[in-house]
Amino acid sequence: MSAGAIRMVLVWAALMLLLALTLGAAFLPLGAAKPWVGYAVATGKAGLVLWFFMEMRREDGIARLAALAGFVWLVMLFALTAADYLTRGWIT
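Predicted model only: the values in this text are computed from it and were never measured.

Each value, and the rule that gives it
- Residues numbered from 1 in each chain as written.
- Predicted model: local features only at pLDDT ≥ 70, side-chain atom pairs only at ≥ 80, totals over all residues.
- Heavy atoms only, no water.
- Salt bridge = Lys/Arg side-chain N within 4 Å of Asp/Glu carboxyl O.
- Buried < 20%, exposed > 50% of the residue type's maximum accessible area, 1.4 Å probe, protein only.
- Phe/Tyr/Trp six-rings, centres within 6.5 Å; stacked < 30°, edge-to-face > 60°.
- Helix = DSSP H or I, 4+ residues; strand = E, 2+ residues; numbered from the N terminus.

Attention now goes to the pattern of salt bridges. Scanning the entire structure with this criterion turns up 2 salt bridges. Across the salt bridge formed by Glu 55 and Arg 58, the nearest N and O atoms sit 3.7 Å from each other. Overall, Arg 58 belongs to the exposed group, its relative accessible area being 59%.

This part takes up the packing of aromatic side chains. Here the structure, examined in full by the defined rule, presents 2 aromatic pairs. Aromatic side chains Trp 36 and Tyr 39 sit 5.3 Å apart centroid to centroid with 80 degrees between the ring planes, which places their arrangement in the edge-to-face category. Here the residue Trp 36 and the residue Tyr 39 both occupy positions in helix α2 (residues 34-53), the gap between them amounting to 3 residues, near one helical turn. Residue class for Tyr 39 comes out partly exposed when judged on its relative accessible area of 34%. Judged by centre distance (4.4 Å) and plane angle (25 degrees), the ring pair of Tyr 39 and Phe 78 falls under stacked. With Tyr 39 in helix α2 and Phe 78 in helix α3 (residues 61-86), the pair connects residues that are 39 residues apart, well separated along the chain. Taken together, the ring pairs in this structure connect Trp 36, Tyr 39 and Phe 78 into an aromatic cluster.

Structure representation (structure tokens):
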């Protein structure tokens, strides 16, 4: 088995572990932290897919910058959504 195939199997195993973590976290009583745990695990899975399956590690700077801009935009959207949700008067 080649080194590339072993790497892909290890990445797949890591994705399966993160999937199990997502499933396990869904049944834990985490309260308000439950969505944030899910977001963190999803970000880790997306990072693995980008880095290994989409081969961002071999791309030049502009492609990496575009991928990073997508993540920054997503963080901004989550932050603005959370700010709106947390500042509403009907939440007690």
